[in-house]
Every structure is written in structure tokens, then in C-alpha cells.
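Structural characterization, general
One-letter residues, chain by chain:
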Amino acid sequence: MSVVRHIKSCRGCGSERLQRVVSLGTLPLSDGFLRSDQLDQAEPRFPLDVAFCLDCTLVQIEYTVAPEVLFGADYPYFSSVSETVVDNARANIAARLAEHHLGPKSLVVEIASNDGYLLQFYREHGIPVLGIDPAPGPAAEAQRRGIETLVAFFGRELARRLAAEGRAADIVHANNVLGHVADTGGFVEGLGMLLKPDGVAVIEVPYVRDLVEKVAFDTIYHEHLCYFSVHSAMALFRRYGLVLKRVERIPIHGGSLRLFVTAGGAADASVEQMLAEERAAGLDRFDFYAGFARRVAALSDALVTLLQQLKAEGARIVGYGAAAKGTILLNVCGIDGRLLDYVVDRNPWKCGRFVPGVRLPIRAVAEIERDPPDVLLILPWNITDEIVRQQAAFRARGGRFVIPVPEPRIL
Ligand code: ZN
């Protein structure tokens, strides 16, 4: 497979009736953080164009970058780094434990299990778990914690292998992975093969409604191929004989859906209600997405203008959080060393590296004390509360925060 491929048809239903929503330009990989010895080299850049399927309503990007390029050995993301993600997992598992009678003969599988941040809560209750994750670093960390983890991409083939070994799951968790797999159909078919007849897949995906309404264009990146609504998710599961049984809307990652998918049975009232809400808002039609490109351009202009004003007043500005969405936001808006001095991040792996494209240096969070800025631009705006809490001392000294999305504002 070549490094990048333009899709000719919908990832969900195969239709060729794709309509462009927005082009964000030709951008570097959101997690392609550079070492200093790479600064004299050009980095890979790929188009980031988004389309809407006029048949199944699935929103998706038009290019697929090879997973080996996206999720190589250098992949930096460790789930446990974010307290919000771990808190969400803890609450999710408490609810599942209350609903299902799980014991030592049960099996809970997580796809994209990362460092075991979620499965650990089942393990505390003596429930057998299996993690699946293609990134060797986080998987090794999970193994160290005693959580069996297969270093692999999940799909039809792996599901078949597990089924042949007699491993079937009572619960399969898949958080923020369904939208990231190149073979969407193989993934969903594999889910069906992995579940016990009365098992349930609990799938979390960012909600495209929140993305559009909050102008969260920075959550669009090459790793993230599909952007689901209840309409498009239901169509996808139905295509592979699965039932979308229940839906919850949850606040994580700027707004997500938690989808409960089973092999049989009927949808409960939550599904019909969400479908009705989506129809009323127009999510099943292109018109809902039509103004998005214009709103992205307006947000970008407003943010750059605000930062320029602060800079003109003599403020030193630093970016907080070298998140994937930060790479996209900084590159789409063209915010580089002319506006920001540096970026800080809690992940030691990222410190000493540079943000792709705009090439801002990434330093430890302690730099805020050592080399104090006046303003922090919060890049992972979805965890603003967490960051503001952590930076109480900065704020007490008169430090200010800029929140970029859904509209740039000073806190
Ligand atoms: Zn489609």
C-alpha cells in the first residue's frame, strides 16, 4: 500500500456520492512531533479534506494515510496522562458493573486499550480482561501492570483468530477507535465475531454534531477518518447485522456518543429520540455541514487577531498542551514562533521535541514557573477546567488563559 490513498467511495456504505464539507489544507501528521535532529528535514504532509456521504450521512476525510505511518513505534499517546479520560473510564466501568453480572468466567476486551487505563478497573474486580493495541509502547506499559495485551490492529482477521481460540467477550470496549480504522467494515464485522450472543460492544466516538456546532475543526486529523452521528453509526452497524441498541451523549473529548451495540434485540427509546433530534437539527442532510468551512475561517481569523493584540500589548504567550488537536489548530491558523514562545506538555516523551509544521519547541510544564508567560493558549480546550485547576498559581499571579474553541475568548 502506498503511504496515502484517496478514497473513491464512502467508508461506511461504499457510495460514490461524497460531497466536500471543508478543506483544511495540506497538513503534517498531528502526532508527528519532531526531534531536534529532524528540524533540517521536510516532514510528511497530506491533504486534510472532509466529505459528507449523501447516502448514509457519514462524515469522513477523503485521504487514508497508511497506519504504519500514523501509529508507528514512536506513537506518544498514553491515555492515563489525562485525568479526564481516566475519570470517564472509571464512571463507564462502574455503570457496566452495575448492569452486567460479570465474574471470573467473563471476558472484557478493550480495543485500543493503550496502557490499560480502562481495563484496570475490571481487573480490580477480578474480571478477566484482554487488551488489543497496535502501539508497542503503551501496550508494554499495560503488560507491566499485568493486563494481557495483544500488540495488533483489530479487525476481521484478529476476531476470527480469537473466535478460533474460543475467546468471546461479554463486553467489548472501543473508545475513540472506530473512527480511526481504515477498514471500517472489517472492524465492525470483527466486533460481531468477538461478542458472545448476549454480549455488548460499548463504543465511544466524538459526536459530529458537537464538532460542527463547536467549530471543533482541530479534532479533524489524519488519524481520525470518520465522524459519526447516530444516523451514520446506525447505518454502519445495520450493514453488518448488528443492532444499535442504546445511545448516550457524554461530555468527553468536546462531546461524544456512547453507543451500545448488540448482535440482536431491538433499539430502546434513546435511539429513536436521538434520531429525531438529529433530523430536527438537520444532521442527516448536507445543509447542516454547509457553513462549516466559513465558520472555521472566521474562528482562525479571530484567534490570530486576539493573539496579535495581546502580543502588541507586550504579553508573552505560551501554548499549553501539545495535543494532536493543538498541531492542527496551530497549523490551520498559522500560529508559530511569531506569536508563541513555546508550548508546554505534561508528557515527558514530548518535551524537547517540536510541534509538527509550526515547529514550536515543547517544554515541561514547570517552565511556566521558570520562564513565566503572561498568557497561556489552551490547546486541548476540551479539558480547560482540568488545566485551569492545575495552573491556579499562574492565574493567581495575574496570568490569563486564551480558549480558542468554540470562539476565541480570554479567561
Ligand atoms: Zn455512505
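Everything here concerns the structure above.
Residues numbered from 1 in each chain as written. Predicted model: local features only at pLDDT ≥ 70, side-chain atom pairs only at ≥ 80, totals over all residues. Heavy atoms only, no water.

As for the pattern of salt bridges
This is how it is decided: The working definition used for a salt bridge is a side-chain nitrogen of Lys or Arg within 4 Å of a carboxyl oxygen of Asp or Glu.
Under the defined criterion, the tally for this structure stands at 33 salt bridges. A network of salt bridges, in which partner residues are shared, links Lys-311, Arg-316, Asp-341, Arg-363, Glu-367, Arg-370 and Asp-371.

A few points about the nonpolar core
The condition that has to hold: Only buried residues count toward a nonpolar core. Its members are Ala, Val, Leu, Ile, Met, Phe, Trp, Tyr and Cys residues joined through side-chain atoms within 4.5 Å. Burial here depends on accessible area, computed with a 1.4 Å probe over protein chains only, as a share of the maximum for the residue type. Under 20% is buried, over 50% is exposed, and the range in between is partly exposed. By the criteria applied, helices consist of DSSP H or I runs no shorter than four residues and strands consist of E runs no shorter than two, each listed in order from the N terminus. In what follows, a contact means two residues having at least one pair of non-hydrogen atoms within 4.5 Å.
By size, the foremost hydrophobic cluster in this structure holds 114 residues, and its most contacted members are Ile-203, Phe-237, Leu-259, Phe-292 and Leu-330. Sorting elements by how many residues they give to this core places helix 11 (residues 292–312) first, with eight residues. In this structure Phe-237 touches Leu-178, Val-188, Ile-203, Leu-242, Leu-244, Leu-259 and Val-261, once residues within four positions along its chain are discounted. Grouped together as the second largest cluster of nonpolar side chains are 21 residues, Val-85, Ile-127, Val-200 and Ile-252 included.

A word on unusual backbone geometry
For the bond from Val-405 to Pro-406, the omega torsion is 5°, close enough to zero to count as cis. By the secondary structure assignment, Pro-406 is in the loop between strand 18 (400–403) and strand 19 (409–410). With a phi angle near 65°, Ala-112 is a residue other than glycine that sits in the positive phi range. Looking at the secondary structure, you find Ala-112 in the loop between strand 6 (108–111) and helix 3 (119–123). Residue classification places Ala-112 among the partly exposed residues on the basis of a relative accessible area of 21%. Even without being glycine, His-253 reaches a positive phi, approximately 55°. Secondary-structure assignment places His-253 in the loop between strand 12 (243–250) and strand 13 (256–262). On the basis of relative accessibility, which here comes to 24%, the residue His-253 falls in the partly exposed class.

Observations concerning the packing of helix 8 (residues 230–239) against helix 9 (residues 269–281)
Worth spelling out the cut-off: Axis definition: a line fit to C-alpha positions, over the contact stretch in the case of helices; interaxial angles, taken between N-to-C directions, run 0 to 180 degrees. An angle counts as roughly parallel when it lies under 35 degrees, as roughly antiparallel when it exceeds 145, as roughly perpendicular when it falls between 65 and 115, and as oblique in every other case. Polar here means any residue outside two lists: the nonpolar Ala, Val, Leu, Ile, Met, Phe, Trp, Tyr, Cys and Pro, and the charged Asp, Glu, Lys and Arg; Gly therefore counts as polar.
The geometry of helix 8 relative to helix 9 is characterised by a closest axis approach of 9 Å and an angle of 130° between their N-to-C directions. With respect to their mutual orientation, helix 8 and helix 9 come out oblique. Here helix 8 contributes Val-230, His-231 and Met-234 to the contact with helix 9, which in turn contributes Val-271, Met-274, Leu-275, Glu-278 and Arg-279. Here the contact of helix 8 with helix 9 is built from residues that sort into five nonpolar, one polar and two charged.

Some remarks on the sheet that holds strand 14 (residues 317–320)
The cut-off we apply is this: Pairs of strands are assigned from DSSP output, requiring at least two bridges between the strands.
In spatial order, the strands read 16-15-14-17-18-19; together these six strands make up an open sheet with mixed pairing. Strands with a single pairing partner mark the edges of an open sheet, and in this sheet they are strand 16 (362–364) and strand 19. For strand 14 and strand 17 (residues 375–378), the ladder comprises four bridges, and the chain directions are parallel. Each residue of the ladder has a partner; that of Val-318, found in strand 17, is Leu-376. In the packing of helix 11 onto the sheet, contacts are made with strand 14, strand 17, strand 18 and strand 19, and the angle to strand 18 comes to roughly 160°.

Some thoughts on the coordination of the zinc ion
Put simply, the rule is: Coordination here is defined by N, O and S atoms within 2.8 Å of the metal (3.2 Å for Na, K and Ca), and since water is not considered, a site can look incomplete. Irregular is the label for any site that misses the other tests, which are tetrahedral for four donors with all angles between 85 and 135 degrees, and square planar for four donors or octahedral for six when opposite donors exceed 155 degrees and the remaining angles lie between 65 and 115.
Donor atoms from the polypeptide that bind the zinc ion are Cys-10 (SG), Cys-13 (SG), Cys-53 (SG) and Cys-56 (SG), placed at 2.3 Å. Bound by four donor atoms, the zinc ion shows angles of 102 to 115° at the metal and therefore tetrahedral coordination geometry. Donor residues for the zinc ion sit on one chain with the sequence pattern C-x2-C-x39-C-x2-C. Per residue, the accessibility class of Cys-53 equals that of Cys-56, and both read buried.

Some remarks on the packing of aromatic side chains
As a reminder, the rule being used: Ring pairs shown here join Phe, Tyr and Trp side chains whose ring centres sit within 6.5 Å, with only the six-membered ring taken for Trp; geometry is labelled stacked below 30 degrees between planes, edge-to-face above 60, and tilted in between.
Applying the stated criterion across every chain yields a total of five aromatic pairs. Taking the centre distance of 4.9 Å and the plane angle of 35° together, the rings of Phe-52 and Tyr-289 count as tilted. Residue Phe-52 is located in strand 3 (residues 45–53), and its partner Tyr-289 is located in helix 10 (residues 287–290); the two are separated by 237 residues in the primary sequence. Note on Phe-52: relative accessible area 1%, which makes it buried. Among the residues examined, Tyr-289 registers a relative accessible area of 1% and is labelled buried. Both rings, one in Phe-288 and one in Tyr-289, keep their centres 5.0 Å apart while their planes meet at 80°; by these two values the pair is edge-to-face. Exposure remark for Phe-288: the relative accessible area of 17% places this residue in the buried category.

Brief notes about the sheet that holds strand 6
Read across the open sheet, the seven strands follow the order 8-7-6-9-10-13-12; overall the sheet is mixed. At either margin of the open sheet sits one strand with a lone partner, and together these are strand 8 (149–150) and strand 12. Across six bridges, the pairing between strand 9 (residues 169–175) and strand 10 (residues 195–206) is parallel. Note on strand 10: the bridge partner recorded for Val-172 is Ala-201. On top of the sheet, helix 9 reaches strand 12 and strand 13; it is set at about 65° to strand 12, its chief contact.

Here we look at the packing of helix 5 (residues 156–164) against helix 6 (residues 184–194)
Two measures define how a pair of helices packs: the angle their axes make with one another and the distance between the axes. This is how the line gets drawn: Note: crossing handedness is left-handed where the near helix turns anticlockwise from the far helix by less than a right angle, and right-handed where it turns clockwise.
In the contact formed by helix 5 and helix 6, the axes pass within 7 Å of each other and the chain directions differ by 15°. Classed by the angle they form, the pair helix 5 and helix 6 counts as roughly parallel. For the pair helix 5 and helix 6, the crossing hand works out as left-handed. Along the contact surface, helix 5 presents Arg-156, Ala-159, Arg-160, Leu-162 and Ala-163, while helix 6 presents Gly-185, Gly-186, Glu-189, Gly-190, Met-193 and Leu-194. Residue composition of the contact of helix 5 with helix 6, grouped by class: five nonpolar, three polar and three charged.

Re the pairing of strand 3
By the criterion of burial, strand 3 is predominantly enclosed, with seven of the nine residues buried. Bridge analysis of strand 2 (residues 18–28) against strand 3 gives eight bridges, and the strand direction is antiparallel. When the sheet's bridge partners are listed, Val-22 is paired in strand 3 with Val-50. Taken together, the three bridges between strand 3 and strand 4 (residues 59–61) define a ladder with antiparallel strand orientation. Each residue of the ladder has a partner; that of Val-50, found in strand 4, is Ile-61. As consecutive antiparallel partners, strand 3 and strand 4 are separated by five residues, and within that stretch Thr-57 has a phi angle of approximately 75°, a positive value.

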